[in-house]
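# Architecture and fold: a report
Residue strings, one per chain:
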Amino acid sequence: MIFDSARAGLANLTAPETRSTFWKVLGLTLAALLLLWLALRETILYVVTPWVTQMIPTAPDWAGWLTFFIGLLASIGLALALALVLAPVTALIAGFFLDDVAEVIERRDFPTDPPGRALPFGTALFEGLKFLGVVLAGNILALFLLLVPGVNLVAFFLVNGYLLGREFFEFAAMRHRSPAEARLFREKHKGRVFLAGLLLAAYLAVPLLNLTTPLFAAGLMVHLHKRLSRQDPQFGAQQPSPRLQPA
C-alpha cells in the first residue's frame, strides 16, 4: 500500500495535469531560498565587517582578505543551514498549490469518490505556518542529536519521518474530514503513516530532488489516505466536513 502510493506520487510529479504547478513551486522555492541566503549573508557581513575593521585598524591590507574569507565561510555556512529549513520553506510555498494538486489526483485517479474540499485560505495559512514552526523546531533538535554518538543521521530520519508523515497525511485527510477526525484517523493508522513519512524523509535527503518533496508528499498521502479509507470504512464515510461545505 505504501509503495504503491509512493509510485503514484512519483508519477504525479511529471503528469501533464500538474506540470505547471511543479514549475511554479520549484521556481518560487529557489527564489525564496536565494533571497533568504542573500539577506542573511549581507546581514552577517554588515555586522562583522565593522567589527573586523575596528579590531585590526593597523592592517588594512590583509584585513580586507580576512573580511573576504569571513564572507566566504558565512556563505558556505548559510548554505548548509538552509538545508535545515528546506522542508518547511518548500512546504510553506507549496501549501498554496497543494489543494490544486490533490484535486487533480482525486479527479483523475479516484473519479467515483466524492470530491474533496480545499481548506479555507486562513486555515491553510495557519496549517502552513504551524508546519513551518514544527519542522524548524524538530530539525534544530535533530541537529543537536547529530552530535550524539550512535544517533547521528537516525535522528534526521526519525524526526522528519514523523513530522512529514503527520502533516501531509492530515492535509490529505482534511480534504474529506474535519481536522479533529483527520487527526484521529491518522492516529489510528500511525504505523503506516510513519513508514510513509520515513520514505518522505529519505526523499528529502536527496539534493535537488528534495525541492519537490511537498508535491511528492501530497501525491503519496492522497493515495495513502484513499486506500486506508477504503480499508477502514467503518471509521466514517468520506464526506467533506460541514465546515468546508460551500455556502
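Going by the structure above, here's the rest.
As the structure is a prediction and not an experimental result, all values here were calculated from the model. (Residues numbered from 1 in each chain as written. Predicted model: local features only at pLDDT ≥ 70, side-chain atom pairs only at ≥ 80, totals over all residues. Heavy atoms only, no water.)

Turning next to the nonpolar core. Within soluble globular proteins, side chains that are nonpolar generally end up buried alongside one another. Judged by nonpolar contacts, the single largest core of 40 residues is most densely connected at F169, L200, L215, F216, L220, M221 and L224. Listing elements by their share of this core, those giving two or more residues are α1 (2-13), α2 (19-55), α3 (60-94), α4 (98-109), α6 (153-173), α7 (179-188), α8 (190-204) and α9 (213-231). Per element, the largest residue contribution to this core is nine residues, and it comes from α9. Leave out the neighbours within four places in its chain, and F169 touches L164, F185, R186, V193, M221, L224, H225 and L228. (Core = buried A, V, L, I, M, F, W, Y, C linked by side-chain atoms within 4.5 Å. Buried < 20%, exposed > 50% of the residue type's maximum accessible area, 1.4 Å probe, protein only. Helix = DSSP H or I, 4+ residues; strand = E, 2+ residues; numbered from the N terminus. Contact = heavy atoms within 4.5 Å.)

On to α6, then. Taking 1.5 Å of rise per residue, 21 residues should cover 30 Å, and α6 covers 30 Å from first to last C-alpha, within 8% of that figure. Counting buried positions over the 21 residues of α6 gives 16, a clear majority of the element. (Expected span 1.5 Å × (residues − 1).)

Helix length check: α9 (19 residues) gives 26 Å between terminal C-alpha atoms against 27 Å at 1.5 Å per residue, within 8%. With 16 of 19 residues buried, α9 is to be regarded as a mostly interior element.

The next thing to look at is the pattern of salt bridges. Evaluation of the coordinates by the stated rule reveals 13 salt bridges. The residue R175 makes a salt bridge to D99 at a minimum N-O spacing of 2.8 Å. Placement of R175 in the loop between α6 and α7 and of D99 in helix α4 is noted, with a sequence separation of 76 residues between them. Take R175 and D99: they sit in the same class, and that class is buried. Within the structure, one salt-bridge network assembled from shared partners comprises E170, R186, E187 and K190. (Salt bridge = Lys/Arg side-chain N within 4 Å of Asp/Glu carboxyl O.)

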